[in-house]
Amino acid sequence: MFDFYRVAACVPRVTVADTEKNVDEMLNKIHEAAGLSPDVIALPELCVTGYTCQDLFFQDTLLRQVNQAVLRLLLETKELRSVIIFGAPVLIEQALYNGAFVMKEGRLLGISLKTFLPNENEFYEKRWFSSAEELLTDSVTLREIGLSVAEEDDYEIPVGNHIIYNISDELRFAVEICEDLWAPIPPSAVYALGGAELIVNISASNEIIGKREYRKDLVRMNSASSHCGYLYVSAGCSESTQDLIFSGHTIIAENGKILNQNKQYIDDDYIAIADLDAGKIRSDRKKSSSFRDSMNVFMPDISQKIIQVVSDTGLQSEAGEFIRVKKHPFIPSAKSAREKRCHEIFDMQVGALAKRLEITNAKPVIGVSGGMDSTLALLVAAGALRKLNRPAEDLVAITIPAFGTTGRTYQNSLELIKSLGSEPRIIDIKEACTGHLRDIGHDMEQKDTTYENAQARERTQVLMDVANQVNGLVVGTGDLSELALGWCTYNGDQMSMYGVNGGVPKTLVRWMIETLSDTEDFRESRSVLKDILDTPISPELLPPDENGNIKQKTEDAVGPYELHDFFLYNMLRYGFSPSKIYFMAKKAFKDDYTENEIKKWITMFYRRFFNQQFKRSCMPDGVKIGSVALSPRGDLRMPSDASGRLWLKEIENLQ
């Protein structure tokens, strides 16, 4: 459902060289995992025998028992729809190989063989095994590898290091074994270019100081560079401890992110599970020109080598329960990571504006409302002047009260400007707006869009004209979320000479200000910044209530920004459909909004996103911050008159 696939890593207890006992343990783990309905179940390298058998691998008794173990595993998993992958030695044409057996519903789909055999320090696999590169055949029959089946039950299976398994055109995966991952060009890179969306690595990796983190980074970066899911499962601590200890490290990664890994440093006898989102993988591959170019460069060789193994029987198709859905995808979960992210973004904003001020030799001109967006822009402008070693007096900060301005926001704007070492300019536009509305014949009692936008456009006119007076550059304050919704007045706050917040979503603006308020650079502004953070989000274009408080609250009209940022991220970052985003939103916000509320606001989001593109098509320059951006020059090339009917129709049918 929605391209979700569930994978399970099983680390059974192993008794070295006792295949019967090992199969018992493997089957226990397989059936336990099957209760969670995974699409793929993987067990460690050589787990049928144990990785540490050493010269016992040469014993015919052990190899005959391996064949019996494989047959038993095939027989006792016939009723399971999951793909099952496990490690065992396999004898092919008098040479012994380290194999990954891949089976489904009692049928062996293929045997992927290990390519790179470690043969240094504590490893000496070449003593027992041959590399897949030495194999002289592409396929074998069950009887040819020693499985005792009747002639009429025999069939041919592919073998080697060139197999991609295609499960009913639902999911393509490939298998590499342990050391293959550590090679400069791992087989998984070839598999990914050949179409594999999931790489399974069955491993027996011993533990030494520092290796766990290195291994995790290796898996994570491999999944990132190949735009794939990566399931890594390693032998547990029940392996022989004669000279080494194995930790049972399991890692499940997706597109550079760790979805799950075992918590114990030395572990055994457990199951790790996660739901992969193949939609993310497919989206990134569609967008990545480097991935496509690599396919073009290497594909001629790959297409000649790769064998596609097709299984007609489908997968479980019940995944989704274990999908990790971030409620606030633009914001890191850990506080330390949030603070680091905020400082990085601020440095990017400051560096970009400083460059623009340097090249134009202009002063930053900003309209300060006492709200969060203009506050962040003002802090950026102050930071840019400091970076250029220019005086704080160069900051031209203007408070422009109008019909909806409250005493709280007005005073906060003045205090904030002064705390940064600048003198505020106050330009009251109520009289100008009244005259303008009278000139166009608009009734002042009619508090409609014309009434509101006249103020927004007058503010922009003031800023532009003051910029002419002082050789200034008008710094835009609108954020990414407002741009997505078109929640800005065309030729009003939609326009500036440089937009510093255009890459920052509304849900992150608050964290930015809170983080900056704790720095020494803005120590003098700390108290007013705290009060600004407590102020409701409002354009302040309608008169206050009878107590002088903000009456017009943005989220009452347009919806919760945390929902809109969630919709925006998943729509643009991965191209997900409204139905998938709705499914994910219900999961993420189940304790915050009803399904009807989510449906209402996702309808609002898509309607405004399409209808308001004309505002983004002529947006000013601004620094790109993250992977989701709306610049018509760099990230979102979309016609202003595109129809959103198909998306809205899909939303109408949501259940």
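Quantities reported herein were computed from a predicted structural model and do not represent experimental measurements.

Undergrad: Could you give me a rundown of the pattern of salt bridges, with the residues and numbers involved?
TA: Applying the stated criterion across every chain yields a total of 34 salt bridges. Between Asp268 and Arg13 there is a salt bridge, with the nearest N and O atoms lying 3.3 Å from each other. On the criterion of sequence distance, the pair formed by Asp268 in the loop between β13 (257–261) and β14 (270–277) and Arg13 in the loop between β1 (4–11) and α1 (19–34) is long-range, its members being 255 residues apart. Of the residues examined, Arg13 reaches a relative accessible area of 42% and is grouped as partly exposed. Note that Asp169 is salt-bridged to Arg172, the shortest N-O span being 3.3 Å. For Asp169, a relative accessible area of 60% corresponds to the exposed category. What you see here is one network of salt bridges that share partners, running through Asp373, Asp479, Glu482 and Lys506.

Undergrad: Lay out the pairing of strand β9 (residues 171–177) in plain terms, naming residues and giving numbers.
TA: When you tally the buried positions in β9, you get six out of seven residues, the bulk of the element. Bridging between strand β8 (residues 163–167) and β9 involves three bridges; their strand directions are antiparallel. Across the sheet, residue Tyr165 finds its bridge partner in β9, namely Phe173. The hairpin formed by β8 and β9 contains three residues between the paired strands, and Ser168 there has a positive phi angle of roughly 50°.

Undergrad: Describe the nonpolar core, with residues and values.
TA: Grouped together as the largest cluster of nonpolar side chains are 44 residues, with contacts concentrated most on Phe346, Leu353, Leu376, Leu378, Leu395, Val504 and Met512. If you list the elements that add at least two residues to this core, you get α7 (335–360), α8 (372–387), α9 (407–419), β19 (472–476), α13 (506–517) and α14 (526–533). In contact with Leu376, other than residues within four places in its own chain, are Gln349, Asn501, Val504, Val509, Met512, Ile513 and Leu516.

Undergrad: Tell me about the sheet that holds strand β12 (residues 250–254), residues and numbers included.
TA: Spatial strand order, β13-β12-β11-β10-β9-β8-β15: seven strands in an open sheet with mixed pairing. Looking at the sheet topology across the chains shown, the edges are occupied by β13 and β15 (307–311). Each adjacent strand pair in this sheet contributes to an overall mean axis angle of 20°, direction not counted. Where β9 lies against strand β10 (residues 198–203), five bridges are found, and the strand directions are parallel. Bridge pairing in β10 links Val175 to Val200. On top of the sheet, helix α4 (residues 211–225) reaches β11 (229–234), β12 and β13; it is set at about 30° to β12, its chief contact.

Undergrad: A description of the environment of Ser225 should follow, citing residues and the corresponding values.
TA: Structurally, the position occupied by Ser225 is in helix α4. Between the alpha carbons of Ser225 and Gly502 there is a distance of 28 Å; along the sequence they are 277 residues apart. From its side chain, Ser225 meets the backbone oxygen of Asn222 in a polar contact 3.4 Å long.

Scoring rules and cut-offs
Residues numbered from 1 in each chain as written. Predicted model: local features only at pLDDT ≥ 70, side-chain atom pairs only at ≥ 80, totals over all residues. Heavy atoms only, no water. Salt bridge = Lys/Arg side-chain N within 4 Å of Asp/Glu carboxyl O. Helix = DSSP H or I, 4+ residues; strand = E, 2+ residues; numbered from the N terminus. Buried < 20%, exposed > 50% of the residue type's maximum accessible area, 1.4 Å probe, protein only. Pairing = 2+ DSSP bridges. Core = buried A, V, L, I, M, F, W, Y, C linked by side-chain atoms within 4.5 Å. Contact = heavy atoms within 4.5 Å. Axes fitted to C-alpha atoms, helices over the stretch in contact; angles between N-to-C directions. Polar contact = N/O pair within 3.5 Å; in protein donor to acceptor, adjacent residues only side chain to side chain.

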